[in-house]
Structures are given as structure tokens and as C-alpha cells.
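Here's the letter readout for the chains.
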Amino acid sequence: FRSTANRVNQNTVSFKDFSISGDNYYLRWEMYIDTDVMGKKVQATSIGMSQFRFNEEKKVIFHQDFWDNNEGLLKHFPVVGRILKFINRPIT
């Protein structure tokens, strides 16, 4: 984790909106990262959503993130990126 964190030049998260459904709270966000991947400078943006549940004392008892790592970062890796481009290509 330290090695990965040391390659990050900038990382910002902006919160877009939230919603509540029963005991579940959902927070939609966008993350920007400026980093180096295998010697290549990468600037990537990905979208995500976090789900939370709280107990009676307002403490988090459940947290899970959902995010599109494919668009955000994985497509910039040489081998993985080519595989993802092949998988995501339009079918004609």
C-alpha cells in the first residue's frame, strides 16, 4: 500500500449527491487521481457510490463502496488495458 500511495501525485473526491432508502444511506461521488502507472503519468476520473448504515448511536455499522475501477485506473495498465478495450469494444 505504501508503494502505491507513494506514486499518487494528487487524489481528490467530490461528492455529487446522496439519497436515503429505509436504513440505507447512499452517497454518490467522483474521484480524480493523478499518479504514475508503470512509468506512465496517468490522470483518471472514476465514479462511485458508498452505502452506509448507522446504529442508534449514529455510528457506522455497515459501509460498502461501489466504483468503476475499469474506467478510472485499470484501463491504463498495459496488458489489462488492452484486454479491457477488447472486452468493451462495440459488437458489430
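This text gives an overview of the structure that appears in the document. (Residues numbered from 1 in each chain as written. Predicted model: local features only at pLDDT ≥ 70, side-chain atom pairs only at ≥ 80, totals over all residues. Heavy atoms only, no water.)

**Some details on a nonpolar patch on the surface**
Link 1 in the chain: On the surface, Phe 18, Ile 20, Tyr 25, Phe 54 and Val 60 cluster together into a nonpolar patch covering about 500 Å² of accessible area.
Link 2 in the chain: Within the secondary structure layout, Ile 20 lies in strand β1 (residues 8–21). (Patch = residues over 30% accessible without salt bridge, like charges linked within 9 Å, V, L, I, M, F, W, Y side chains within 5 Å. Areas by Shrake-Rupley, 256 points an atom, 1.4 Å probe, with all protein chains shown as cover. Salt bridge = Lys/Arg side-chain N within 4 Å of Asp/Glu carboxyl O. Helix = DSSP H or I, 4+ residues; strand = E, 2+ residues; numbered from the N terminus.)

**Here we look at the side chain of Asn 24**
Link 1 in the chain: Of note, Asn 24 is situated in strand β2 (residues 24–37).
Link 2 in the chain: What makes Asn 24 buried here is its relative accessible area of 15%.
Link 3 in the chain: For Asn 24, the side chain forms a polar contact with the side chain of Arg 53, separated by 2.6 Å.
Link 4 in the chain: If near-sequence neighbours (up to four positions away) are discounted, Asn 24 is found in contact with Ser 19, Gln 51, Phe 52 and Arg 53. (Buried < 20%, exposed > 50% of the residue type's maximum accessible area, 1.4 Å probe, protein only. Polar contact = N/O pair within 3.5 Å; in protein donor to acceptor, adjacent residues only side chain to side chain. Contact = heavy atoms within 4.5 Å.)

**Considering the sheet that holds β2**
Link 1 in the chain: Spatially, the 4 strands line up as an open sheet ordered β1-β2-β3-β4, and their pairing is antiparallel. Of all the strands in the sheet, just β1 and β4 (60–67) have a single pairing partner and so form its edges. Averaged over all adjacent pairs, the angle separating strand axes in this sheet is 25 degrees, with direction ignored.
Link 2 in the chain: Bridge analysis of strand β3 (residues 40–54) against β4 gives 7 bridges, and the strand direction is antiparallel. When the bridges of β4 are listed, Arg 53 appears paired with Phe 62. (Pairing = 2+ DSSP bridges. Axes fitted to C-alpha atoms, helices over the stretch in contact; angles between N-to-C directions.)

**Describing the pattern of salt bridges**
Link 1 in the chain: As enumerated under the stated definition, the model contains 2 salt bridges in all.
Link 2 in the chain: The shortest N-O distance in the salt bridge between Asp 17 and Arg 28 comes to 3.0 Å. Remark: Arg 28 occurs in strand β2 and Asp 17 occurs in strand β1; sequence separation between them is 11 residues.
Link 3 in the chain: For Asp 17, a relative accessible area of 37% translates into the label partly exposed.
Link 4 in the chain: The salt bridge partner of Asp 34 is Lys 41, with a shortest N-O separation of 3.0 Å.

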